[in-house]
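Per-entry structural report
Listed here are the chains, written in short residue letters.
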Amino acid sequence: MNLELFRDYCISKKGVTEGFPFSKLPDVLVFKVADKMFAVTYISPFDKIALKCDPELIFELKEKYNAVEKPAYFNEQHWIAVAIDSSVPNAKIFEWIDNSYDLVVSKLTKKQKNQLDIL
């Protein structure tokens, strides 16, 4: 996984925007849907990503994958950090990105989903 592949995958999802919203952390790239974060990474170095995660899966993922860690700046009950160290296949990371996106979308109002044509 590299930054370009990660970015391209995230931005390809319906209604997603990207940006650098933290003035004190100018290297932090954030992906949002309906102004709600679902994926975050440092761009330099690109060595870790943070994703929303189903709270019921977090412990299981940490047990199964050494690359899944406690996130530095996010609620560890709802987010995971994934080290980009080639130990997790790209397909699995894409699956986790999908899950993160879907978690956020599931919390959107019907109006927000209609505006993004996600229904």
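Above: the structure in question.
Calculation criteria
Residues numbered from 1 in each chain as written. Predicted model: local features only at pLDDT ≥ 70, side-chain atom pairs only at ≥ 80, totals over all residues. Heavy atoms only, no water. Helix = DSSP H or I, 4+ residues; strand = E, 2+ residues; numbered from the N terminus. Rg over C-alpha atoms; globule rule 2.2 N^0.38 Å. Buried < 20%, exposed > 50% of the residue type's maximum accessible area, 1.4 Å probe, protein only. Areas by Shrake-Rupley, 256 points an atom, 1.4 Å probe, with all protein chains shown as cover. Lys, Arg positive; Asp, Glu negative; His and termini not counted. Charge placed at Lys NZ, Arg CZ, Asp CG, Glu CD. Polar contact = N/O pair within 3.5 Å; in protein donor to acceptor, adjacent residues only side chain to side chain. Contact = heavy atoms within 4.5 Å. Salt bridge = Lys/Arg side-chain N within 4 Å of Asp/Glu carboxyl O.

When you go through the chain residue by residue, the secondary structure sums to 4 helices and 6 strands. Each helix (α) and strand (β) of the chain, taken in turn from the N terminus, gives the series α-β-β-β-β-α-β-β-α-α. Whereas a compact globule of 119 residues would reach a radius of gyration of roughly 14 Å, the chain reaches 14 Å, a difference of no more than 12%. With the C-alpha coordinates of the chain rotated into their principal frame, the extents come out at 40 × 30 × 25 Å. The buried share among the 119 residues of the chain stands at 36%. When the accessible surface of the chain is split by element, carbon and sulfur atoms take 50% of a total near 7,100 Å². Between the averaged position of the 16 positive side-chain charges in the chain and that of its 17 negative side-chain charges there is a distance of 8 Å.

Moving on to the side chain of Lys 13. Mapped onto the elements, Lys 13 comes out in the loop between helix H1 (3–11) and strand S1 (16–19). For Lys 13, a relative accessible area of 17% puts it in the buried group. Within the structure, Lys 13 has its side chain in polar contact with the side chain of Asp 98 (distance 2.9 Å). Each residue touching Lys 13, except ones within four places of it in the same chain, is listed here: Phe 38, Ile 97, Asp 98 and Tyr 101.

Turning to unusual backbone geometry, a few remarks are in order. With an omega of 0°, the peptide bond running from Ser 44 to Pro 45 counts as cis. The phi dihedral of Ala 34 falls on the positive side, at around 50°, and the residue is not glycine. You can see Ala 34 is positioned in the loop between strand S2 (28–33) and strand S3 (36–42). Positive phi values are uncommon outside glycine, yet Asp 35 reaches one of about 65°. By the element assignment, Asp 35 lies in the loop between S2 and S3.

With the rule as written, the count across this model stands at 8 salt bridges. For the salt bridge of Arg 7 with Glu 18, the shortest nitrogen-to-oxygen distance reads 2.5 Å. Of this pair, Arg 7 sits in helix H1 while Glu 18 sits in strand S1, placing them 11 residues apart in sequence.

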